[in-house]
Structure formats: C-alpha cells, structure tokens
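Summary of the model geometry
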Amino acid sequence: MKHLFYILGIVFVASCQTTPKEASSDGEDYADTLRYAQEVHLKNVRQLTWGGNNAEAYWSFGGDQLIFQSDFDEWDVACDQIFRLDIADARPGYQPPMLSTGLGRTTCAYFLPGDSSIVYGSTHLGDSLCPESPVRSARGKYVWPIYADYDIFTADLNGNILNQLTQTAGYDAEATVSPKGDRMVFTSMRSGDLELYTMDMDGGNVIQITDELGYDGGAFFSPDGEKLIFRASRPKTEEEMATYKALLAEGLVQPTEMELFVCNTDGSDLRQITSLGNANWAPFFHPSGEKVIFSSNHEAERGFPFNLYMINLDGTGLERVTFDSVFDSFAMFSPDGKYLVWASNRFNGGNRDTNLFMAEWVD
C-alpha cells in the first residue's frame, strides 16, 4: 500500500524538537546520532538507504536480508518496485538488486520460507506503465488508490516470476507469510469490500477472515502463527458508510481514520485493541506475541507527525517508542527479536525522502 504520508500530500520538514543521543561515555556504543534521547527501546540506530521513498521493509527468515519497495529515481524506476537488500551491503551509493519486473507498480513484498523466493503485489499484467497516483479527490479527501490490476505473484531472487497466486478481478495485494511457513494473509476486493483472506503457499484453500464493512488490511501473523493483527476502518453512520462505498466504487479509500484489530487466524475472537482516533496502522507483533508495535498520528493536530507506539493485545499499556517530528512507520522485528527495522523521514535534510533504518531493540 502506497505510503500514507505521501498520499496525504504531507511535506515533512526535519525540524526536530528533541536532541539526538550522543556517544556513550563508556565508549561501548558509537555516536548514536540517528535516534533521540527518549527512544529508550532503540540502540545503535543505523541508516540503510539514502534517497527516494523506501518503505515496507520486511526481514528474511534468516534475518540477514530485507525486501522492500522503493521509487528512488536514481535506481531507474518510475514508481514503486521491489528491491532486496543484504544488510551487510547497506551503504551510501549502493543500489540493491531489483526483484520485480520493473513494469507497473508493486507493493508489499515478503520473503518465503527458505529465503530463495518472495511474494509481492504488482499491477504489471494490467499495464506495463505506472498507474496514476490519485491526488485529493473531488470531495477534497485524502485517499489511497486500490488498483484493480493488483495481483499477487511469487518470484525467485533473480526476479523471475514463479507463480501467479491470485486471478480474481479487482484488488489483491498486501500478502504476508506466517512464521510457520504454511499460510499467507492478504487483502482482496473479491467480495465487493476490502476484506482479509488467508491462502496456502500455492494460492489454494482461500478462506475469508473478515466480513465487516470497511477497509481491512496490512495484516501480519503473530510469532506463533495463531493470530492476526491488522488495521481497519469501520464506518458507522449512514454518511460514513455512504462516503466509504462511493470512494470504493472509484477505487479509493480514505485512510485517515483507522484502528487496530486482532483475531485468530480463522477470524474468531475478533476484537478492536485501539480507540485512539486518527490513523493507527502498520502494526506488527512484538516478539513476545503479547503486544504490537504500530504507527500513529493520534497525538497530532494536523495529520502529522507519525510515531511508533506499542500496546498490549488487550488495549492497555500504550507506550510511545519514537519521538520524531516527522514520520516513523512500517516497523518490523527481526526473526530473533534483536533488531527493529522501520521507515522514517528523520534527518533527511528537510526533503521528502523516506529511508530505512534499523536498530538494536531494548525491551
């Protein structure tokens, strides 16, 4: 899904309100200048990309690689394409290999078990050109595009398409893989609304998980593979429902009001765990499986900044993780729970670049 801050038309300025942490007095850590003093859960923050919009970076099962999407024009792409980054290779000027076709627009890649192939969403079968990005609609609302040409594909690490997993009309994207390596969860329009589904690794045995009106997406499995965490809009009033349906008919959703929900992988025990207002999204399970990290602008008055927060699965214990004045989102823990990767506008010189960062995680 295209980056929320970009679709909202927000131009962030890196006017930081807090001071980066200096080098520790005992000399054990290098100068940790890419984090703020309040960010006690982060240590030894490292930048991984330098330019463009880089986001939705997800770890390999082995924890030594990332798969992510980027529109960096210096990498000769016109819109989001999928790239693979070996962590050891990350440095300014390095161009990681592209694994998508270079055609259409892509989103939401994820490693498959064994780390020799990936799954991602792409519009390339519908059109080789990048689809147009919507601006504010005629109603003046901020919107995300739900491109009907999106389907889900698997590819090897040389970029060769291995399989097309979805073939239904309309949007199919946002696939992520269970740590068990046996199922995927994804978002689809096949019912006429944006719902969550699971399927086997070959695209078979598709099961619908959610069925309430509203956008359900960005789902991830718990560490034990037994639960799903996701973001959702839930229009309640007649006016809200009418607006949602009208935008959806145009292939659009309005992402400014979303909360987090959790359920079992069969859809049972569905419950809402945040009621914060504004946009709460991009959740991922903490390694304990007992809480989630997510991005939110619920403390913002003008739509930004977005920061990372944690919350328990019962909705208690809300804790702020990042203290940026711009944008932090798409957080994911490494398989061993030792590292966090996320996308941020921090320290970008005041431009629109969104780069990837990783840090040692401190509980």
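Model, not experiment: these values are computed from the prediction.

A closer look at empty space enclosed by the protein
Taken as a whole, this structure holds three cavities of 30 Å³ or more when the rule is applied. Counted as a void, the largest cavity has a volume near 130 Å³. What lines the largest cavity is a set of 14 residues, and nearest its centre among them are Glu56, Tyr58, Cys108, Gly218 and Phe220. Those elements that provide at least two residues to the lining of the largest cavity are strand E2 (54-59), strand E10 (172-177), strand E14 (216-221), strand E19 (280-285) and strand E23 (328-333). Its residues placed into classes, the lining of the largest cavity shows nine nonpolar, two polar and three charged.

Here's the deal with the state of the cysteines
Applying the stated rule across the entire model yields one disulfide. The disulfide partner of Cys79 is Cys130, and the gap between their sulfur atoms is 2.2 Å. Torsion about the S-S bond of the Cys79 and Cys130 cystine: about -90°, corresponding to left-handed handedness. Of this pair, Cys79 sits in the loop between strand E3 (65-70) and strand E4 (81-86) while Cys130 sits in the loop between strand E6 (117-122) and strand E7 (144-145), and the two are 51 residues apart along the sequence. When its relative accessible area of 3% is taken as the criterion, Cys79 is described as buried.

What about the sheet that holds strand E12 (residues 195-200)?
Pairing is antiparallel across the open sheet formed by four strands, whose spatial order is E10-E11-E12-E13. At either end of the open sheet lies a strand with only one pairing partner, and these are E10 and strand E13 (207-208). Bridging between E12 and E13 involves two bridges; their strand directions are antiparallel. When the bridges of E13 are listed, Thr198 appears paired with Ile207.

A closer look at the sheet that holds E3
Taken in spatial order, the three strands make up an open sheet running E2-E3-E4, and their pairing is antiparallel. Of all the strands in the sheet, the pair left with one neighbour each is E2 and E4. The sheet shows a mean angle of 25° between the axes of neighbouring strands, taken without regard to direction. Summarising the sheet, E3 and E4 pair through six bridges and their orientation is antiparallel. Bridge pairing links Gln65 to Asp86 in E4.

Section: the environment of Glu39
Summarising the element assignment, Glu39 is placed in the loop between helix H1 (4-7) and strand E1 (42-47). Sequence spacing of Glu39 and Phe323 is 284 residues, and the spatial spacing of their C-alpha atoms is 6.6 Å. Excluding residues within four positions of it along the chain, Glu39 makes contact with Val321, Thr322, Phe323, Asp324 and Arg346. Among the polar contacts made by the side chain of Glu39, one reaches the main-chain amide nitrogen of Phe323 at a distance of 2.9 Å.

Some words on the layout of surface pockets
Here the largest pocket defines a volume of roughly 510 Å³. Along the wall of the largest pocket there are 22 residues; nearest its centre are Ser233, Arg234, Pro235, Glu240 and Glu257. Breaking the lining of the largest pocket down by element, the ones donating at least two residues are helix H2 (238-249) and strand E17 (259-264). Here the lining of the largest pocket gets five residues from one element, more than from any other, and that element is H2. In the lining of the largest pocket, the residues fall into nine nonpolar, six polar and seven charged.

Criteria and cut-off values
The numbering scheme is per chain: residues are counted from 1 as the chain's sequence reads. A pLDDT threshold of at least 70 governs which residues receive local features in this predicted model, and a stricter bar of 80 or more applies before side-chain atom pairs are shown or counted, although totals over entire chains, interfaces and linings include all residues. Side-chain metrics rest on all non-hydrogen atoms present in the structure, leaving aside hydrogens and water. Lining residues are defined by having an atom within 4 Å of a point belonging to a cavity or pocket. Those points lie on a 1 Å grid over the protein atoms alone, cavities being sets where a 1.4 Å probe fits but cannot get out and pockets being open sets with protein on both sides within 12 Å along at least five of seven lines. Grid points are joined across faces, edges and corners, and a volume is the space filled by probe spheres set on the points. Counting from the N terminus, the helices are DSSP H or I runs at least four residues long and the strands are E runs at least two residues long. The residue classification treats Ala, Val, Leu, Ile, Met, Phe, Trp, Tyr, Cys and Pro as nonpolar and Asp, Glu, Lys and Arg as charged. All others, Gly included, are polar. What counts as a disulfide here is a pair of cysteine sulfur atoms lying within 2.5 Å. Residue burial is assigned from relative accessible area. The probe radius is 1.4 Å, only protein chains are included, and a residue is buried under 20% of its type maximum, exposed over 50%, and partly exposed in between. Strand pairing is defined by DSSP finding a minimum of two bridges between the two strands. Here an axis means a line fitted to C-alpha atoms, over the contact stretch when the element is a helix, while the angle between two N-to-C directions is reported on a 0 to 180 degree scale. Contact definition: two residues touch when any of their heavy atoms are within 4.5 Å. Polar contact is the term for a pair of N or O atoms within 3.5 Å; when the atoms are in protein, one must be able to donate a hydrogen and the other to accept it, and sequence-neighboring residues count only if both atoms are side-chain atoms.

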